Amino acid sequence: MDDVDDRSVHLMVTSPPYPMIEMWDQQFRNIDEKIDQLWTKMNREGSCDKQEETLGGIYNLMHESLAQVWSETYRVLVDGGIACVNIGDATRNINGIFRLFPNHAKVVEHCEKIGFVSLPYILWRKPTTKPKYKGKGAFLGSGMLPPNAYVTLDCEFILIFRKGGPRRFTPKDPARYESRYTKQERDKWFTQIWDVIGTKQFLSEVERRAAAFPEEIPRRLMRMFSVVGDTVLDPFLGTGTTLKVAMELGRNMIGYEIDKEFKRIVERETHATKAKSLGAKVELVNR
Ligand SMILES: C[S@@+](CC[C@H](N)C(=O)[O-])C[C@H]1O[C@@H](n2cnc3c(N)ncnc32)[C@H](O)[C@@H]1O
């Protein structure tokens, strides 16, 4: 994010590719040569202790690659600026062993090391998530017999971090008052469990590939943690959901996306939103 000045962003809202979720494997391999080499090595090793070690190495490298982005985010945030990271844990059967990769814990670990202050997080319960494993029925494991069944992951995390102490405003700051939420909104949004359903009915193949979050997620986060005229950053833009919402809410926006195929969708979304936009400045960077 060389082109973004230090202390120039007020809020980051993003959802990165999730480590150890199969659909993102190739992207991590493309981004980091070491990850690619370790995958090849692991496939060669077959099931053994060494393979376990290699797997741990891949998982750590994937998070180190994301941590570079969290570190840059820290740099560009203003003091008191907030970073919201939507991430899900991953479950996967590797070497014949079913296991959990607790991605949320790794992100917390890295962000705290970078200097972020952890704040209470949100659990986004996705009512559409069906417990399923390799196409087999509902719950994972052996029918009704203990003890080898697994709990289904039906929540994702929305981790919330801040750069230092709370942001300071002058008394009666007009943008802050213009951005106020209602008591009903506050009571609903500042609780730990959010039941938010994905809204899009028809998704193109490219949109499915991005695993877009519903607009309601960035909309709530922007209303909770930024004011009109602020600058919002999404380093993993995908189809541009955050960008669209930022425009609607009168926030300026900087977004990055590595996959050029999303450009067309982002432009379509941006164009459709322009009419409703409150004059936000938008910058899309294709790396
Ligand atoms: C989970 S998706 C984001 C979905 C997005 N929130 C939406 O609503 O469409 C993650 C995105 O990050 C992009 N990505 C992965 N690595 C990247 C990198 N190093 N720089 C920029 N974008 C990256 C992927 O191509 C993918 O579109």
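Our subject is the structure that appears above.
Residues numbered from 1 in each chain as written. Predicted model: local features only at pLDDT ≥ 70, side-chain atom pairs only at ≥ 80, totals over all residues. Heavy atoms only, no water.

S.K.: I tried to follow the packing of helix H8 (residues 216-225) against helix H9 (residues 241-248) on my own but got confused; where do I start?
M.R.: When two helices pack together, their arrangement is given by the angle between their axes and by how far apart the axes lie. Where H8 meets H9, the closest approach of the two axes is 9 Å, and the angle between their N-to-C directions is 45 degrees. Accordingly, the angle class assigned to the pair H8 and H9 is oblique. You can see that H8 and H9 cross each other, and the crossing is right-handed. In this structure, H8 contributes Pro-218, Arg-219 and Met-222 to the contact, and H9 contributes Thr-241, Thr-242, Val-245, Ala-246 and Glu-248. Considering only residue class, the contact of H8 with H9 consists of 4 nonpolar, 2 polar and 2 charged. (Axes fitted to C-alpha atoms, helices over the stretch in contact; angles between N-to-C directions. Helix = DSSP H or I, 4+ residues; strand = E, 2+ residues; numbered from the N terminus. Parallel < 35°, antiparallel > 145°, perpendicular 65-115°, else oblique. Left-handed = near helix turned anticlockwise from the far one by under 90°. Contact = heavy atoms within 4.5 Å. Nonpolar A, V, L, I, M, F, W, Y, C, P; charged D, E, K, R; others polar.)

S.K.: Help me out: how do you make sense of the nonpolar core in this one?
M.R.: One recurring pattern in soluble globular proteins: nonpolar side chains tend to sit buried together. With 39 residues, the main nonpolar core has Met-20, Trp-70, Val-85, Val-107, Phe-161 and Leu-233 as its most contacted residues. Breaking this core down by element, the ones donating at least two residues are strand S1 (9-14), helix H2 (33-45), helix H3 (49-76), strand S2 (77-87), strand S3 (90-94), helix H4 (103-114), strand S6 (155-162) and strand S9 (252-257). A per-element tally of this core places H3 first, with 10 residues. Once residues within four sequence positions are removed from consideration, Trp-70 is found in contact with Met-12, Thr-14, Pro-16, Val-85, Val-107, His-110, Cys-111, Ile-114, Phe-116 and Phe-236. Judged by nonpolar contacts, the second largest core, of 26 residues, contains Leu-11, Ile-122, Val-232 and Ala-246. (Core = buried A, V, L, I, M, F, W, Y, C linked by side-chain atoms within 4.5 Å. Buried < 20%, exposed > 50% of the residue type's maximum accessible area, 1.4 Å probe, protein only.)

S.K.: Help me understand the pairing of S2, please; the structure alone is not making it clear to me.
M.R.: Of all 11 residues in S2, 10 are buried, a share of seventy percent or more. Two elements, S2 and S6, share 6 bridges in a ladder whose sense is antiparallel. From the neighbouring strand, Ala-83 faces S6, where its bridge partner is Phe-161. (Pairing = 2+ DSSP bridges.)

S.K.: I would appreciate a short explanation of the packing of aromatic side chains in the present structure.
M.R.: For any pair of aromatic rings, the description rests on two quantities: the centre-to-centre distance and the angle between the ring planes. Per the counting criterion, the structure on display carries 9 aromatic pairs. The interplanar angle of 85 degrees and the centroid separation of 5.0 Å between the aromatic rings of Tyr-74 and Phe-116 together place this pair among those described as edge-to-face. Taken as a pair, Tyr-74 in helix H3 and Phe-116 in the loop between H4 and strand S5 (117-125) lie far apart in primary sequence, 42 residues in all. For Phe-116, a relative accessible area of 5% gives the class buried. Taken together, the aromatic side chains of Tyr-181, Trp-189, Phe-190 and Phe-225 make up a single cluster linked through ring pairs. (Phe/Tyr/Trp six-rings, centres within 6.5 Å; stacked < 30°, edge-to-face > 60°.)

S.K.: Could you clarify how one ought to interpret the environment of Lys-106 in this entry?
M.R.: Mapped onto the elements, Lys-106 comes out in helix H4. You can call Lys-106 buried: its relative accessible area is 18%. Considering only alpha carbons, one finds Lys-106 and His-63, 43 residues apart in sequence, at a separation of 6.9 Å. Excluding its chain neighbours within four sequence positions, the residues that come into contact with Lys-106 are Tyr-59, Asn-60 and His-63.

S.K.: So what exactly am I meant to see when it comes to the environment of Pro-17 here?
M.R.: Position of Pro-17 relative to the elements: it lies in the loop between S1 and helix H1 (25-31). Given the relative accessible area of 11%, Pro-17 is considered buried. For Pro-17 and Phe-236, which are 219 residues apart along the polypeptide, the C-alpha to C-alpha distance reads 7.9 Å. Discounting residues that sit within four places of it in the chain, Pro-17 has contacts with Trp-24, Gln-27, Phe-28, Leu-66 and Phe-236.

S.K.: What exactly am I supposed to notice about H4 here?
M.R.: The α-helix advances 3.6 residues per turn, and as a result positions three or four apart in sequence lie on the same side. Across its 12 residues, H4 extends 17 Å between first and last C-alpha, which sits within 8% of the 16 Å expected from 1.5 Å per residue. Along its buried surface, H4 packs onto H3, S2, S3, strand S4 (97-101) and S6. (Expected span 1.5 Å × (residues − 1).)

S.K.: Please explain the environment of Ser-65 as it appears in this structure.
M.R.: Tracing the sequence through the fold places Ser-65 in helix H3. Residue class for Ser-65 comes out buried when judged on its relative accessible area of 13%. Between the C-alpha atoms of Ser-65 and Pro-19, which are 46 residues apart in sequence, the distance is 10.0 Å. With residues up to four places along the chain from it excluded, the contact list for Ser-65 reads Phe-28 and Ile-31.

S.K.: I'm lost on H2 in this one. Help?
M.R.: For H2, with 13 residues, the first-to-last C-alpha span of 18 Å sits near the 18 Å given by 1.5 Å per residue. Among the residues of H2, those classed as buried are Ile-35, Trp-39 and Met-42. Projected down its long axis, H2 carries its buried residues within an arc of 65 degrees, all on one side. Structural note: H2 exposes Glu-33, Lys-34 and Arg-44 on the side pointing more than 90 degrees away from its buried face. If you follow the buried residues of H2, they end up packed against H1, H3 and S3. Taking the backbone nitrogen of Lys-34 as reference, a side-chain oxygen 2.8 Å away marks Asp-32 as the first, capping residue of H2. With its phi angle positive at about 70 degrees, Gly-46 sits one or two positions after the end of H2. (Arc of directions from axis to C-beta. Polar contact = N/O pair within 3.5 Å; in protein donor to acceptor, adjacent residues only side chain to side chain.)

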